[in-house]
Amino acid sequence: MKRYRVREEMNGVEEPPGKVWFWELAAGVIDADRCVQCGTCVAACPSNSIGVNPDTGLPELVKMCTGCSLCWDFCPRGGLRYEALWPPSSADGDVVRSDPSDPYWKITGGPPAEGLGAVLEAYAVRAASRPDGVQDGGAVSALLIGLLAAGEIDGALVAKPSGDPEEPWKGVPTIARSPEEVIAAAGSFYNQTMALAALDLSKVRLPPNPRLAVVGTPCEVQGIRAMQSRRWWTGAHRIDAVVLTIALLCTKSFDYEGLVLRELRDRRGIDLDRVDKIDVIRGRMIVEYRDGQVAVDEPVKNFHGTALKGCDECDDFLGRSADISMGSVGSLDGWTSVIIRTDRGLQAFEKARAKLDVRALDDPAALIRLDRLDKKVAFASLSRRFDPDAPLFIDYEDHVRDYAGTDRQALVRVR
Ligand SMILES: Cc1cc2nc3c(=O)[nH]c(=O)nc-3n(C[C@H](O)[C@H](O)[C@H](O)COP(=O)(O)OP(=O)(O)OC[C@H]3O[C@@H](n4cnc5c(N)ncnc54)[C@H](O)[C@@H]3O)c2cc1C
Ligand code: SF4
Ligand code: SF4
């Protein structure tokens, strides 16, 4: 058997330097409870060797790993160096690194910007005709519907209810191709969905060269941006099909079972079948029933035990690498804050404008305040993990040794 002979002959050939294998990502991120379930590693793997474990919802190896290193390179908790998107701030909130020529800025596609990041235009927006089930102003859904109607996109990667009666209020990824499917997916799910794993479009009916919008948390948009800026064959996952990224403003996401089943259903006796909306807003967790009764109104810190640990390290509340960022903070109730960051974001917004009521952003300072707080949390979280005398900027050798108990030089990959 010739091919086995070749492999035999290769035994003992030294591994090329700098290879990182999936199990090192597993040790440094997944097993270390730092994974934020963005699905980037699944989408980045050129041999489709990474899948999603149906029980844990976490990435797992489903085929042989070739050691190509890409899962590590693009993971926002691994080699992506997401913190390069924005310099860590000091405990006082001061920005520590702000050299525009710093190559680490490249993922945002432009020089760093203070405040809200790159902004072409910013508004408070609501759907001109507000569909049921939307979270705030329904601006995300209306924008997607407008883009579908204008023929600008063939579909949108969003999150819809799982449909499993055992998993009420769990979001799962889906490609919405019609206004009805967009509306069925409206509202916020406070769990991560391994969204980018759903960019394997082989089982989705779409035209040959599909154009997709992606709605996701900032870490998911980081993964897409990084993969698009460093062109690489990515196996079954169609990163090339993404023509628009919409980041939902995000300070943290949660473990589904911990938040919805344990804390809300079991501990507080919430009847999940009656729930109309779950919201994290103004520092509170609010759950409303369909009859208008407020079933939960508590400080969100009561639920911190169920937040994803990897979110503590994230300081990209504003979704700085997206074409458009959208969230509730900064606008009156019933409106969505919209930050348009890129030309293609602006073009998309213009195409859908007929579907939107648009006015000035109510309170941009509120966005900046929450962004500062998010950075402080990230700074504190990262600082706690390092020697107090260590330099402020993260040494990935330490980083990985700290989490995985390994000091493999190979994991120190700086692009
Ligand atoms: C985990 C999470 C945390 C958030 N934290 C904040 C915050 O701290 N501050 C803030 O201002 N805003 C936050 N938001 C955004 C906010 O909840 C609204 O999504 C946003 O204001 C848009 O409202 P809308 O009415 O325009 O959207 P809608 O028209 O209701 O559309 C929302 C879209 O988001 C998609 N979606 C819902 N959940 C997810 C998910 N988990 N992953 C990917 N896509 C999803 C839906 O499928 C839908 O397409 C968060 C959202 C999420 C999912
Ligand atoms: S954080 Fe994202 S890229 Fe990293 S291991 Fe988890 S799913 Fe994969
Ligand atoms: S807090 Fe950061 S890492 Fe966590 S889900 Fe939101 S964007 Fe992703």
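Data block above holds the structure.
Residues numbered from 1 in each chain as written. Chains lettered and ligands numbered in written order. Predicted model: local features only at pLDDT ≥ 70, side-chain atom pairs only at ≥ 80, totals over all residues.

Student: Mind laying out the site of ligand 2, listing which residues take part and the relevant values?
Tutor: As a structural note, the neighbourhood of ligand 2 is formed by 15 residues, with C35, C38, T40, C41 and C75 the closest of them. The set of elements that each furnish at least two residues to the shell around ligand 2 consists of α2 (22-30) and α3 (40-44). Ranked by residues supplied to the shell around ligand 2, first place goes to α2 with three residues. A per-class count over the shell around ligand 2 returns ten nonpolar, four polar and one charged. (Near = placed C-beta within 6 Å. Helix = DSSP H or I, 4+ residues; strand = E, 2+ residues; numbered from the N terminus. Nonpolar A, V, L, I, M, F, W, Y, C, P; charged D, E, K, R; others polar.)

Student: A description of the sheet that holds strand β8 (residues 275-281) should follow, citing residues and the corresponding values.
Tutor: Sheet architecture is open: three strands sit in the order β8-β9-β10, paired in antiparallel fashion. Where the open sheet ends on each side, the last strands, each with one partner, are β8 and β10 (294-299). The average undirected angle you get between the axes of adjacent strands in this sheet is 5°. Note: β8 against strand β9 (residues 284-289), six bridges, orientation antiparallel. Paired with V275 across the strands is Y289, a residue of β9. (Pairing = 2+ DSSP bridges. Axes fitted to C-alpha atoms, helices over the stretch in contact; angles between N-to-C directions.)

Student: How would you sum up α2? Please name residues and give values.
Tutor: Burial of α2 is extensive: seven of the nine residues sit out of reach of the surface. Three or more residues of α2 are buried, namely F22, E24, L25, A26, G28, V29 and I30. (Buried ≥ 20, exposed ≤ 12 C-beta atoms within 10 Å, placed from the backbone.)

Student: How would you explain the environment of V296 if you had to name every residue and give the values?
Tutor: Its location among the elements puts V296 in strand β10. On the neighbour-count criterion, V296 (19 C-beta atoms within 10 Å) is partly exposed. In contact with V296, other than residues within four places in its own chain, are L264, R268, I270, M285, I286 and V287. (Contact = placed C-beta atoms within 7 Å.)

Student: Help me get a handle on the pairing of strand β11 (residues 324-327), residues and values and all.
Tutor: In β11, alternate side chains face the same way, and those of I324 and M326 on one face and S325 and G327 on the other are all buried. Two strands pair when backbone bridges link them, and β11 and strand β12 (residues 336-340) are joined in this way by four bridges, in the antiparallel orientation. The residue of β12 that forms the bridge with G327 is S337.

Student: Lay out the sheet that holds strand β6 (residues 212-216) in plain terms, naming residues and giving numbers.
Tutor: Taken in spatial order, the eight strands line up as β5-β4-β6-β7-β11-β12-β3-β13 in an open sheet, and their pairing is mixed. Both outer strands of the open sheet, β5 (171-176) and β13 (356-360), are each paired with one neighbouring strand and no more. Strand-to-strand twist of the sheet, defined as the mean angle between neighbouring strand axes without regard to direction, takes the value 30°. The pairing of strand β3 (residues 121-127) with β12 spans five bridges and is classified as antiparallel. Paired with Y123 across the two strands is V338, which belongs to β12. Sitting on the sheet, helix α7 (residues 218-229) is in contact with β6 and β7 (242-248), with an inclination near 155° to β7. Along the sheet, helix α9 (residues 343-351) contacts β3, β7, β11 and β12; its crossing angle with β12, the most-contacted strand, is approximately 130°.

Distances and angles like these do not, on their own, reveal function.
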